[in-house]
Amino acid sequence: MNFKVLSVAALLVSSLCFSVGSVAEKMVESPQHKEQRIEGDLTFLFKEALKASALEMDKDQEMAPFAMVKKSDGTLGFFAPTENNKGKSVNQQIASIRKMLMDLASTRQIEASVQAMYATVSNGSGDSNQGLVFEIEHRDGVSIMRFIPVSEILDDKGEKTGKLLFEIEKLSTGSKPQTVFAASIVQ
């Protein structure tokens, strides 16, 4: 008799859990939760791209453009120029990677992306800085660009040491038009 009661109780509990799970799947995400989710995705991708950039720059102070993505299944992906792109200019390599990201976005295979490149940026008054440029985008509408100046460390005599300094305190962030997740592509 106790076995029947336990079976009925287990059946009721499992039915309740299944119905709660079904209701949770149908619930609309709150704006605050959505904002936190997007920020978490982009912060994680930016940090991973920064680490990958540092590892690449540490080898020979050069870096080919690359991209990191958050796939729709939540895993991380990494894209770099193929052997076919090795002879192409940096701009051509960036365009090739961007096209691939746009194709992945249009088929809903990715949720967020960050493209990283080593570039020289001019401020318009003739001054220029070398550094890392990160183009960061999310399917839900966030699209920003970050620049981190990179300089070579000098010793006490003012001579180059061969080591690089990522000037994180001079990081600048600005908005940019969406390219990977452009509304005309993903809708």
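The paragraphs below set out a description of the structure included in this document. Sequence order as written defines residue numbering, which begins from 1 separately in each chain. Predicted model: local features are reported for residues with pLDDT of at least 70 only, side-chain atom pairs are reported and counted for 80 or more only, and whole-chain, interface and lining totals are derived from all residues. The side-chain figures draw on all heavy atoms in the structure; neither hydrogens nor water molecules are used.

**Regarding helix 3 (residues 90–106)**
Item 1. Secondary structure elements are defined from DSSP: runs of H or I of at least 4 residues count as helices, runs of E of at least 2 residues count as strands, and each element is numbered from the N terminus. To estimate the expected span of a helix, count its residues, drop one, and scale the result by 1.5 Å. With 17 residues, helix 3 extends 24 Å between its outermost C-alpha atoms, agreeing within 8% with the 24 Å of an ideal straight helix rising 1.5 Å per residue.
Item 2. Taken from the residues just after helix 3, Arg108 is the one with a positive phi, measuring 60°.

**Topic: the pattern of salt bridges**
Item 1. Any Lys or Arg side-chain nitrogen found within 4 Å of a carboxyl oxygen on Asp or Glu counts as a salt bridge. Under the definition given, this model contains 10 salt bridges.
Item 2. Where Lys59 meets Glu56, a salt bridge forms, and the shortest distance between an N and an O atom there is 3.5 Å. Note that Lys59 and Glu56 are positioned in helix 2 (residues 31–60) at a spacing of 3 residues, about one turn of the helix.
Item 3. Relative accessible area serves as the criterion here: at 63%, Lys59 is assigned to the exposed category.
Item 4. Throughout this description, buried means an accessible area under 20% of the type-specific maximum (1.4 Å probe, protein chains only), exposed means over 50%, and partly exposed covers the range between. Judged by its relative accessible area of 30%, Glu56 is partly exposed.

**Side note on the nonpolar core**
Item 1. Ranked by size, the top nonpolar core spans 20 residues in total, and within it Leu50, Val114, Leu132, Phe134, Ile136 and Phe166 carry the most contacts.
Item 2. Elements represented by at least two residues in this core include exactly helix 2, strand 1 (66–71), strand 3 (110–122), strand 4 (128–138) and strand 5 (143–154).
Item 3. At 7 residues, the largest contribution of residues to this core is made by helix 2.
Item 4. Once residues lying within four places of it in the same chain are set aside, the contact partners of Phe166 are Leu50, Ser53, Ala54, Met57, Leu132, Ile148, Pro149 and Val150.
Item 5. To define a nonpolar core, start from buried Ala, Val, Leu, Ile, Met, Phe, Trp, Tyr and Cys residues and group those joined through side-chain atoms within 4.5 Å. If you look at the next biggest cluster of nonpolar residues, it comprises 9 residues, including Val69, Leu101, Ala105 and Ile110. Throughout, a residue-residue contact means that at least one pair of heavy atoms, one from each residue, lies within 4.5 Å.

**Describing unusual backbone geometry**
Glycine aside, a negative phi is what most residues show, and trans is what most peptide bonds show.
Item 1. Of note, the phi angle at Gln61 is positive, near 60°, even though the residue is not glycine.
Item 2. In this structure, Gln61 sits in the loop between helix 2 and strand 1.
Item 3. Overall, Gln61 belongs to the partly exposed group, its relative accessible area being 27%.
Item 4. You will see that Arg108, though not glycine, has its phi angle at about 60°, which is positive.
Item 5. Mapped onto the elements, Arg108 comes out in the loop between helix 3 and strand 3.

None of this, on its own, says anything about what the molecule does.
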